[in-house]
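One letter stands for each residue in the lines below.
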2 protein chains.
Amino acid sequence: MPELRKDPVTGRWVIISTARAKRPNDFRAETVRPRASSPNCPFCLGNEDRTPPEILAYRSNGSGPNTDGWSVRVVPNKFPALGIEGELDRQGEGVFDKMNGIGAHEVIIETPEHDKTMSELSEKRIEDVLWAFRDRMLDLRKDTRFRYVLIFKNHGESAGASLEHTHSQLIALPIVPKRIREEVDGARQYYQFKERCIYCDILRQELDSKVRIIAENPDFVTLSPYAPRFPFETWILPKRHECFFENSPTHVYENMARALKSVLLKMDQVLEYPAFNLVLQSAPLQENTHDFFHWRLEYMPRLVKVAGFEWGSEFYINPVLPEDAAKHLREAEAAVPA
Amino acid sequence: MPELRKDPVTGRWVIISTARAKRPNDFRAETVRPRASSPNCPFCLGNEDRTPPEILAYRSNGSGPNTDGWSVRVVPNKFPALGIEGELDRQGEGVFDKMNGIGAHEVIIETPEHDKTMSELSEKRIEDVLWAFRDRMLDLRKDTRFRYVLIFKNHGESAGASLEHTHSQLIALPIVPKRIREEVDGARQYYQFKERCIYCDILRQELDSKVRIIAENPDFVTLSPYAPRFPFETWILPKRHECFFENSPTHVYENMARALKSVLLKMDQVLEYPAFNLVLQSAPLQENTHDFFHWRLEYMPRLVKVAGFEWGSEFYINPVLPEDAAKHLREAEAAVPA
């Protein structure tokens, strides 16, 4: 019998349809392995002039901006979805509303090496990427036009990556996106009723039952959420209550890099190098959500096609029980312990 | 300058990023053309025993059930996402909620001919498909366990179709999907404030400005919505206010078939036989939404990849202005007038 499960924060129901269940290696999805360096790749060492001038770079050898010698490099997106200059200029037009598309759209180049995937970077290098995320968020939140900064990663063509060289992206937005608004509203409602953070309650219940836990380290719990939209969707949740990713103490980034590398390796093993999206869900800027919002990192492998049913309903059919996904991932040997 | 536009019903903002704008034939998307009949296709004439026993079929020659001689045939999905037998059995588990996955999952085989796409069916045959949708909705709404019936079509592999032979699907659900709930809530709010249907107001404004109108016939307006999630997303809206698709008078189905065939032909011409999804947005069952909800048919070509940004935010980046999409489609010659 299929099961309907409700996401406790947003109230979204999903269909867990076990009759269509597959074993991990039954998904015929894209296998993503980087090819050797391409001379035209704008993210490769020595091609620094093929991107817009850099915003931030970590360099250990004292090299100058937009030259080689960097380990992580942040540049404006050459084809930005939003423009950085101007005012919002909110306007109505009869029943419709619009504003100028003001925002920032940046690319975080995670390594100068073209032939490495994120999972192949050392923990220290992944940690540097997280520090770059943090530095950019701290900088962008000073701009009062922005209400949200979304950091995400598209890995593989079916996950929307247009360039192969491993990178993440950041979009700063003048409004809070619908999904975050729903999470914040749901978490606030729960807090008003219970006076507790719902994510902290979820963590307690999950650590108690253990069936959806994938891994744990001093600062993070990696788990399959109870009502996931996608098969093998995975959350990395900080144990310590905090609404902003960028407000964490140093050891949190260190342990987050460990947890993330472990998840990436486990996924590569269980799902054979899948295409995936990573999304950092942090709190809206300029709002007080401290008591009830709890940041997290989401990993979503792209294993199934989204079709008319999902586009029409925003209801999702997930062919894999999260308990089964967690078991497969828990048992996968990761080269690095979480 | 990119533009942010707000959907007036749900409040969802989208980014219309014209800097990335493309001409219709710049999308390198799947081209979907059916191949000649395959002997193993369960939807082909003569293979009626390869599907579960039929629920409904239109036959003109007095042939018996599950034999040939049909023009439209409705069968249960062989791999249903939901089960038809049983009770909902709503349960809690700490902070989580679930219920049994009760529902109906049916396939509407639109023609016995394997080598025809929906756009190649005659208006009369498309009208028969719409009558089959209506017959099934009228039957399923008698089952008080169901709160919503979603009818959709996946055309082409990138739109989620697993079988090539042209067909639509129907899923009856024990809850109202999130997207419909948001539309109903948004439309209700507007009605409470204005005492008018928001879709009727949109229709009036769009017919007045004309910039997003694609076609019109006595019963329908075909238009590009103001804040579309996807490039070339198109709505077919009935002129007469009605919340339920299945409650329309006969001439509405006739004119809907004309409007739909016209859209399908225009899209095939402008976008070179794209993969697409169709979704019928009708009102929730067992609720009184008569005053403010207004049914419609949505056409969404699959031209762009959905990536981490969209999955993380439910915010969409659309590279085509709906005014430009409407112009291209308006000017496309359709073999049949709308």
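Model, not experiment: these values are computed from the prediction.

## What to know about the interface of chain A and chain B
Taken together, the 60 residues of chain A in the interface contact 60 residues of chain B. Of the residues contributing to the side of chain A that touches chain B, the split by class is 32 nonpolar, 14 polar and 14 charged. Relative to strand β6 (residues 96–100) of chain B, strand β1 (residues 3–6) of chain A runs antiparallel, the two sharing 4 bridges. Residue pairing for β6(B): A:L4 is matched across the bridge by B:M99.

## Quick notes on unusual backbone geometry
Positive phi outside glycine occurs at A:D89, with the angle close to 50 degrees. Residue classification places A:D89 among the exposed residues on the basis of 10 C-beta atoms within 10 Å. Positive phi is not limited to glycine here, since B:F232 has a value of about 65 degrees.

## Let's talk about the environment of A:M137
All names here are of chain A. Inspection of the secondary structure assignment puts M137 in helix α1 (residues 123–140). A residue is classified by how many C-beta atoms lie within 10 Å of it, and M137, with 20 of them, is buried. For M137, the residues in contact, after removing those within four places along its chain, are V149, F245 and E246.

## Let's talk about the relation of the copies chain A and chain B
Each copy superposes on the other: chain A lies on chain B with an RMSD of 0.0 Å after a rotation of 180 degrees and an axial shift of 0.0 Å. Both chain copies can therefore be described as sitting about a two-fold axis. Residues of chain A ranked by C-alpha distance from the rotation axis are headed by A:V306, positioned 4.7 Å from it.

## Considering the pairing of strand β4 (residues 70–76) of chain A
Residue and element names in this part refer to chain A. Burial analysis of β4 places 6 of its 7 residues in the buried class, which makes it a mostly covered element. As defined by bridge partners, β4 adjoins strand β7 (residues 104–109) across 4 bridges and the pair is classed as antiparallel. Opposite P76, over in β7, you have E106 as the bridge partner.

## Regarding the confidence of the model for chain A
Residues at a pLDDT of 70 or more form 96% of chain A, whose mean pLDDT is 94. Taken together, the chains of this predicted complex give a pTM of 0.93 and an interface ipTM of 0.91.

## Looking at the sheet that holds strand β13 (residues 276–281) of chain A
Residue and element names in this part refer to chain A. Pairing is antiparallel in the open sheet, where 10 strands are placed in the order β3-β4-β7-β9-β8-β13-β14-β12-β11-β10. The outermost strands of the open sheet, each flanked by one partner alone, are β3 (56–59) and β10 (213–216). Taking each pair of neighbouring strands and ignoring which way they run, the sheet shows an average axis angle of 15 degrees. Pairing of strand β8 (residues 148–155) with β13 involves 5 bridges; the strand directions are antiparallel. Of the residues in β13, the one forming a bridge with H155 is F276.

Rules behind the numbers
- Residues numbered from 1 in each chain as written.
- Chains lettered and ligands numbered in written order.
- Predicted model: local features only at pLDDT ≥ 70, side-chain atom pairs only at ≥ 80, totals over all residues.
- Contact = placed C-beta atoms within 7 Å.
- Nonpolar A, V, L, I, M, F, W, Y, C, P; charged D, E, K, R; others polar.
- Pairing = 2+ DSSP bridges.
- Helix = DSSP H or I, 4+ residues; strand = E, 2+ residues; numbered from the N terminus.
- Buried ≥ 20, exposed ≤ 12 C-beta atoms within 10 Å, placed from the backbone.
- Least-squares fit on C-alpha atoms with pLDDT ≥ 70 in both.
- pLDDT = per-residue confidence, 0-100.
- Axes fitted to C-alpha atoms, helices over the stretch in contact; angles between N-to-C directions.

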